[in-house]
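Tertiary structure, described
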Amino acid sequence: MASAFAVPLILTFALTASTCDGVRLANYIPILQEYPAGRDDLIERYYHLGLEYTEILLFLVFSHGINLSLRQLKRILKAKGLGRRRNASDLREVVQAVEEELRGSGSNIGYRQMTQRLVNDHRLVVGKETVRELLNILDPEGVELRARHRLKRRQYITKGPNHLWHIDGYDKLKPFGFCIHGAIDGFSRRILWLDVGYTNNDPAVITQYFVDCVRQLGGTASVIRADCGTENGYVAAVQRFMRRDGEDNWAGDDSFIYGKSVSNQRIEAWWSILGKDCTRWWIDFFKDMRSCGLYHDDDCIEVECLKFCYMPILRDELHRAARLWNLHRIRPSTNAESPSGRPDVLFFLPEVSGTRNYMVDVDLDELDLVEERCCYRPPQSGCLDEFTQLAELLMREKNLQFPRTPEEATTLYVTLLEEIDNI
């Protein structure tokens, strides 16, 4: 089977999604180029991801076999009216978008990540300095709090992309019924999957995340590292099964490593970033609901209703956080073994960093067998089937729409509980 490098691919953006057995995969995962797209359309898509000109040219060459000069690229972008130093967005639109982000988890991020959200999600043309000044005006308290933060980094060494994956669960939102699980590539720091469901302790669910990722990328890592939790048992068995005939030093039983959480540092370190940029806001949000009496964690109906109303929104927010992280630029560090650059570029174009792709091909028939026997795909709502059917029935009867924001989710949550009480 060909590796992810051997076939054309593009990065997703906005709400782009692919399917695997009829189920939408996370919109931050690269997809195969299965649709007709002209050269100029690809260039426009890469431009809107915020990539620099040289990075666009590299993706065109390595992933699509399209050779362009820098002059040609600039000419195409100019013909499409695309330019980052001109046609700046109206300041009122920028202010409105910043205020919208500050009402959610955007209140926890700095001006660099805020700029990335504005460019990628809101499709605005704005510079970092403008965003920095706006945050000083609109969120001075948040700016001051972030300025006090200092992060001490551990030294970390790995050979290249797909040499070592780190997988782990995130339990900060578990008290409210939202169990997060994710994986990160050790070399590029690219998020491979990040999802939320009703559990992150079921080994069949974790294996489903793993199998979806392997199928999407076209192969598995040389080595996978995880902690000693029982939820990782199936992934360990599947990884060793797929690597049983390998001839390298990490084949067979050595292809999966159990260890302490402190040794799983790449993913553990990233959880703190996710908390700062995303989940801390949601934790405070659900705690406020509990404090004001909107939510009682000892009421099974309210627990199910909370998951039904907020699970899709939280999942989309996690996917966005992963997608933006994969496109942001990692600054140089004191550790020379941790390359700087965008995680997506480091992952898909290892030649730029002077290394190679360490992905190991897998047999699709074996992967199908694994999925049939070892995997379970949980419901997207994260709720019991009976509650999901009841909630959807009430929504149809009352002509209610699925929410797109936390505020809309709260309205739906209160309405559904009132309708259930009246039954």
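Going by the structure above, here's the rest.
Residues numbered from 1 in each chain as written. Predicted model: local features only at pLDDT ≥ 70, side-chain atom pairs only at ≥ 80, totals over all residues. Heavy atoms only, no water.

In spatial order, the strands read β7-β6-β5-β9-β10; together these five strands make up an open sheet with mixed pairing. Each edge of the open sheet is held by one strand with a lone partner, namely β7 (191-197) and β10 (256-258). Across the sheet, the axes of successive neighbouring strands diverge by a mean angle of 15°, strand direction being ignored. Where strand β5 (residues 164-170) and strand β9 (residues 223-226) come together, three bridges link them in parallel fashion. Residue pairing for β9: His166 is matched across the bridge by Arg225. Contacting β5, β9 and β10, helix α9 (residues 233-242) runs over the sheet at an angle of about 150° to β10. Strands in contact with helix α10 (residues 265-291) are β5, β6 (179-185) and β7; relative to β5, the strand with the most contacts, it is inclined by about 50°. (Pairing = 2+ DSSP bridges. Helix = DSSP H or I, 4+ residues; strand = E, 2+ residues; numbered from the N terminus. Axes fitted to C-alpha atoms, helices over the stretch in contact; angles between N-to-C directions. Contact = heavy atoms within 4.5 Å.)

Moving on, we come to the nonpolar core. Leu60, Trp165, Leu192, Trp193 and Phe210 are the most contacted members of the largest nonpolar core, which has 47 residues in total. Of the residues forming this core, the biggest block, eight residues, is contributed by helix α8 (residues 203-217). Listed in part, the 46 residues of the second largest apolar core include Phe178, Tyr295, Cys309 and Leu318. (Core = buried A, V, L, I, M, F, W, Y, C linked by side-chain atoms within 4.5 Å. Buried < 20%, exposed > 50% of the residue type's maximum accessible area, 1.4 Å probe, protein only.)

If you check helix α14 (residues 385-397), its first and last C-alpha atoms are 18 Å apart, about what 13 residues at 1.5 Å a residue would give, namely 18 Å. In this structure, the buried side of α14 is in contact with α11 (300-327) and α15 (406-421). Looking one or two places after α14, you find Asn399, whose phi comes out positive at around 55°. (Expected span 1.5 Å × (residues − 1).)

A word on the environment of Leu349. For Leu349, the position within the fold is in the loop between α12 (343-348) and β11 (360-361). A residue is classified by how much of its surface remains accessible, and Leu349, at 0% relative accessible area, is buried. For Leu349 and Phe59, which are 290 residues apart along the polypeptide, the C-alpha to C-alpha distance reads 7.7 Å.

Two descriptors summarise a pair of aromatic rings, namely the distance from one centre to the other and the angle between the planes of the rings. On inspection of all chains with the given rule, the structure shows 22 aromatic pairs. A centroid spacing of 5.7 Å and a plane angle of 70° characterise the contact between Phe285 and Phe286, whose relative ring orientation is edge-to-face. Relative to Tyr413, the ring of Tyr310 lies with its centre 6.5 Å away and its plane at 55°, an arrangement referred to as tilted. Note that Tyr310 is positioned in helix α11 and Tyr413 in helix α15, a separation of 103 residues in sequence. In this structure Tyr310 comes out as buried when scored by relative accessible area, which is 0%. Residue class for Tyr413 comes out buried when judged on its relative accessible area of 0%. An aromatic cluster of three or more residues is present, and its members are Phe176, Phe178, Trp281, Trp282, Phe285, Phe286, Tyr295, Tyr310 and Tyr413. Sitting above the plane of the Phe347 ring, Arg190 keeps its charged end 5.2 Å from the centroid. (Phe/Tyr/Trp six-rings, centres within 6.5 Å; stacked < 30°, edge-to-face > 60°. Lys NZ or Arg CZ within 6 Å of the ring centre and 35° of its normal.)

A word on the packing of helix α6 (residues 128-138) against helix α7 (residues 140-147). Between α6 and α7, the least distance of the axes is 5 Å, while the angle of their chain directions is 110°. Judged by the inter-axis angle, α6 sits roughly perpendicular to α7. Residues Leu135, Asn136, Ile137 and Leu138 of α6 lie in contact with α7, whose contacting residues are Pro140, Val143 and Arg146. A breakdown of the residues in the contact of α6 with α7 according to their chemical character gives five nonpolar, one polar and one charged. (Parallel < 35°, antiparallel > 145°, perpendicular 65-115°, else oblique. Nonpolar A, V, L, I, M, F, W, Y, C, P; charged D, E, K, R; others polar.)

Glancing now at the pairing of β9. Burial of the side chains of β9 extends over both faces: Val223 and Arg225 are buried on one face and Ile224 and Ala226 on the other. Pairing of β9 with β10, which is carried by three bridges, proceeds in the parallel orientation. Residue pairing in the sheet places Ile224 in a bridge with Phe256 of β10. Handedness of the β9-α9-β10 crossover: right-handed. (Right-handed = clockwise from strand over helix to strand, strands pointing away.)

Take the pairing of β6 next. Of all seven residues in β6, seven are buried; the element is thus mostly enclosed. Every second residue of β6 is oriented toward a common face, with Cys179, His181, Ala183 and Asp185 on one face and Ile180, Gly182 and Ile184 on the other, all of them buried. Bridge count between β5 and β6: six bridges; the pairing is antiparallel. Looking at the pairing, Gly169 lines up with His181 of β6. From the end of β6 to the start of β7, which pair antiparallel, there are five residues, and Arg189 there has a positive phi angle of about 60°.

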